[in-house]
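Analysis of the macromolecular model
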Amino acid sequence: MATKNKIITKDDIVSKYMNEVLEKGEKPKSVYLFAKHNHFTEAEFYTFFGTLESLEKEIFRLFFENSFNLLHQHEDYPQYDMKNKMLSFYFTFFEILTANRSYVLQSLKRDRNPLKNLVQLTTLREAFKNYVSEILTDDYRLEQEKLQKYQEKAIQESAWLQLMMTIKFWMDDDSAAFEKTDIFIEKSVNASFELMNVKPLNHLIDFGKFLFKEKIYSK
């Protein structure tokens, strides 16, 4: 009796792609060749991905998603303040990157033009920015609602730049167990939250409003 072919899943394709990149030292030349070498059809590939590039982007988004899911397995996580949620995310995310370090290094150093390599991080960027927005608390929001939208965008972008800097540091880190990266994470996240202190800025805005009113009503 003939056995049925196993139905290939999205995770199967991701795993096969990462293995092929690592084993051959380069990305597949086409969807056709990738599917042929791994014994599934192009149609099966296109069920989940439109291009090899979209698959590459999805891999980095999955690193984020796996980190996010691991964090939410801890009962205490929802009670953490924003800074500790961010620290927890960083340490979890970089544990997953470290488990896939060979693939990450090969992918992000593939092209001589760094900007071309960073295209793979576009879906990770959106997922991470949404995460920052979700964990943003009133402790770090300006009191003036009109400014909150611009402030939130600024916090998202600065958090993304910080994550990119940390990835670069981790890629260059040659310390045992990447201890220097752990130190970098703790110090950089602590410093960024010090800079996010909105109390002095709220006072400055209140002072500016006072001066404005005094100038208007004193005429």
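On a predicted model such as this, the values are computed, not experimentally measured, just so you know.

A short note on the packing of helix α5 (residues 82-99) against helix α8 (residues 122-135)
Contact pair α5 / α8: the axes reach a minimum separation of 10 Å and the direction vectors enclose 155°. In terms of their interaxial angle, α5 and α8 are classed as roughly antiparallel. For the pair α5 and α8, the crossing hand works out as right-handed. Contacts from Met-82, Lys-85, Met-86, Phe-89 and Phe-93 in α5 reach Leu-124, Phe-128, Tyr-131, Val-132 and Ile-135 in α8. Its residues assigned to classes, the contact of α5 with α8 shows nine nonpolar, no polar and one charged.

What to know about the packing of aromatic side chains
Under the criterion given, the structure shown has 22 aromatic pairs. Ring centres of Phe-60 and Tyr-103 lie 6.4 Å apart, and the angle between their planes is 40°; on these two criteria the pair is classed as tilted. Of this pair, Phe-60 sits in helix α4 (residues 52-71) while Tyr-103 sits in helix α6 (residues 101-108); the two residues are 43 residues apart in sequence, bridging distant segments of the chain. Residue Phe-60 is classed as buried on the basis of its relative accessible area, which comes to 2%. Relative to Tyr-131, the ring of Phe-68 has its centre 6.1 Å away and its plane inclined at 90°; by these criteria the two rings are edge-to-face. Residue Phe-68 is located in helix α4, and its partner Tyr-131 is located in helix α8; the two are separated by 63 residues in the primary sequence. For Tyr-131, a relative accessible area of 2% corresponds to the buried category. One cation-aromatic arrangement involves Lys-85 over Tyr-77; the distance from NZ or CZ to the ring centre is 5.5 Å. Against the face of Trp-170 rests Arg-101, its NZ or CZ located 4.6 Å from the ring centre.

About the thresholds
- Residues numbered from 1 in each chain as written.
- Predicted model: local features only at pLDDT ≥ 70, side-chain atom pairs only at ≥ 80, totals over all residues.
- Heavy atoms only, no water.
- Axes fitted to C-alpha atoms, helices over the stretch in contact; angles between N-to-C directions.
- Helix = DSSP H or I, 4+ residues; strand = E, 2+ residues; numbered from the N terminus.
- Parallel < 35°, antiparallel > 145°, perpendicular 65-115°, else oblique.
- Left-handed = near helix turned anticlockwise from the far one by under 90°.
- Contact = heavy atoms within 4.5 Å.
- Nonpolar A, V, L, I, M, F, W, Y, C, P; charged D, E, K, R; others polar.
- Phe/Tyr/Trp six-rings, centres within 6.5 Å; stacked < 30°, edge-to-face > 60°.
- Buried < 20%, exposed > 50% of the residue type's maximum accessible area, 1.4 Å probe, protein only.
- Lys NZ or Arg CZ within 6 Å of the ring centre and 35° of its normal.

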